[in-house]
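Secondary and tertiary structure notes
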Amino acid sequence: MAKSLTLLLFLGFILGTTAAPTPQQGRSGTNLTAPEVLDQLQAKAKTLKSLKGSFEQRKYSRLLVRPMDSEGELFWQPPSRLRWEVVRPTPLTLVVKEDKILLLYPDLKKVTLYRGPSGVGFLDRFTGAAGDPQALQRQYEIEVELVSRGDDRKWIKMNMEPKSPKHARYFKRLEVKIDPETWLPNEIAILEGNDDWTLIYLSNLIENSDLSDGLFSVEPPEDFQVQKYQSGGRP
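Residues numbered from 1 in each chain as written. Predicted model: local features only at pLDDT ≥ 70, side-chain atom pairs only at ≥ 80, totals over all residues. Heavy atoms only, no water.

**A short note on the overall build of the chain**
Along its length, the chain carries five helices and twelve strands. Every one of the 235 residues in the chain was classed for burial, and the buried ones make up 46%. Sequence-distant contacts, at least 24 apart, represent 51% of the contacts inside the chain between residues at least 6 apart. Accessible surface, the chain as shown: approximately 12000 Å² in total, 49% of it carbon and sulfur. (Helix = DSSP H or I, 4+ residues; strand = E, 2+ residues; numbered from the N terminus. Buried < 20%, exposed > 50% of the residue type's maximum accessible area, 1.4 Å probe, protein only. Contact = heavy atoms within 4.5 Å. Areas by Shrake-Rupley, 256 points an atom, 1.4 Å probe, with all protein chains shown as cover.)

**A closer look at the sheet that holds strand E12 (residues 225-230)**
Taken in spatial order, the twelve strands line up as E7-E8-E9-E10-E11-E1-E2-E3-E4-E5-E6-E12 in an open sheet, and their pairing is mixed. In the strand order of this sheet, the two ends are held by strand E7 (140-148) and E12, each with one partner. The mean angle between the axes of side-by-side strands here comes to 15 degrees, regardless of whether they run parallel or antiparallel. Two strands pair when backbone bridges link them, and strand E1 (residues 51-60) and strand E2 (residues 68-77) are joined in this way by nine bridges, in the antiparallel orientation. Each bridged residue has a counterpart across the sheet, and for Arg-58 the counterpart in E2 is Asp-69. (Pairing = 2+ DSSP bridges. Axes fitted to C-alpha atoms, helices over the stretch in contact; angles between N-to-C directions.)

**Focus on the pattern of salt bridges**
One pass over the full model with this rule turns up 15 salt bridges. Notably, a salt bridge pairs Glu-98 with Arg-81, separated by 3.6 Å at the nearest N-O pair. Remark: Arg-81 occurs in strand E3 (residues 81-88) and Glu-98 occurs in the loop between strand E4 (92-97) and strand E5 (100-105); sequence separation between them is 17 residues. According to the relative accessible area criterion, Glu-98 is partly exposed, its value standing at 32%. (Salt bridge = Lys/Arg side-chain N within 4 Å of Asp/Glu carboxyl O.)

**A closer look at the pairing of strand E10 (residues 184-191)**
With seven of eight residues buried, E10 is to be regarded as a mostly interior element. Pairing analysis gives seven bridges linking strand E9 (residues 173-179) to E10, with the strands arranged antiparallel. Each residue of the ladder has a partner; that of Leu-174, found in E10, is Ile-190. Joining the antiparallel neighbours E9 and E10 is a turn of four residues, in which Trp-183 adopts a positive phi near 60 degrees.

**Concerning the pairing of E2**
Pairing geometry for E2 and E3, over seven bridges, is antiparallel. Each residue of the ladder has a partner; that of Glu-73, found in E3, is Glu-85. Taking the residues between adjacent antiparallel strands as the criterion, E2 and E3 are bridged by three residues.

**With respect to unusual backbone geometry**
A cis geometry characterises the amide bond from Arg-88 onward to Pro-89, with omega recorded as 5 degrees. Relative to the helices and strands, Pro-89 resides in the loop between E3 and E4. Here Glu-98, not a glycine, exhibits a phi torsion of approximately 55 degrees, which is positive. In this model, Asn-208 sits at a positive phi of 60 degrees, which is unusual for a non-glycine residue.

**Description of the side chain of Thr-198**
With respect to the helices, strands and loops of the structure, Thr-198 is situated in strand E11 (residues 197-207). Among the residues examined, Thr-198 registers a relative accessible area of 3% and is labelled buried. Looking at Thr-198, its side chain comes within polar contact range of the side chain of Glu-192, at 3.1 Å. (Polar contact = N/O pair within 3.5 Å; in protein donor to acceptor, adjacent residues only side chain to side chain.)

**What to know about the nonpolar core**
Counting residues in hydrophobic clusters, the biggest one holds 32 residues, and the most contacted among them are Trp-84 and Ile-200. Ranked by size, the runner-up nonpolar core spans ten residues in total, among them Val-95, Leu-102, Leu-104 and Phe-224. (Core = buried A, V, L, I, M, F, W, Y, C linked by side-chain atoms within 4.5 Å.)

Structure follows, in structure tokens:
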């Protein structure tokens with residue numbers, strides 16, 4: 001449960017981050033500069049009203065004999081609504097809506113519902129920056145570089161490492177590959193505190209489509225067993 005919840009917050013963090021931070025100067029030898037990246041990301045943020053697409057996820061752990069694969073769909077509505085729906089191999093739906101998080105297990109007919117302090121969104125609490133690019137830079141080391149994507153084109157790769165133990169409890173390192181043609185994330189690598197790696201590949205991304213409010217409902221189905229938690233600390 002905790003791993004699924006943390007992964008959902010990772011995704012909200014990444015989608016919000018790729019539309020907000022002021023990156024530091026790119027490494028020498030690239031044609032990428034921080035002002036150019038910042039201008040493009042800020043312009044993208046102003047146009048992105050929603051995002052939906054597909055994902056494939058691969059988990060590497062010393063506790064697993066082989067990597068664990070899953071796939072599904074995601075729906076993102078800035079600034080604080082996110083739905084992460086695993087279709088295979090085991091159905092699982094995670095929804096963030098402002099200060100609430102719902103985890104739904106269809107096969108078990110169970111729901112876990114988290115509620116944070118009123119007026120404080122979980123995604124803001126997770127980043128610790130509340131959408132403030134300068135605060136994000138103070139709390140994370142951010143590097144930007146150009147990397148090959150296997151053809152003549154390049155990815156923009158953004159690497160982030162937390163500066164404080166408080167934020168390092170969630171992850172040691174984030175690596176996000178951004179398509180410079182769309183300025184959206186396409187590949188995400190997460191190094192967790194226990195040295196497990198999670199790789200996420202995004203595809204079929206569609207911007208600014210109409211998303212139903214029902215996608216972000218955090219009301220448990222009537223016939224499901226429900227556990228509720230009121231969070232006053234870490235999610």
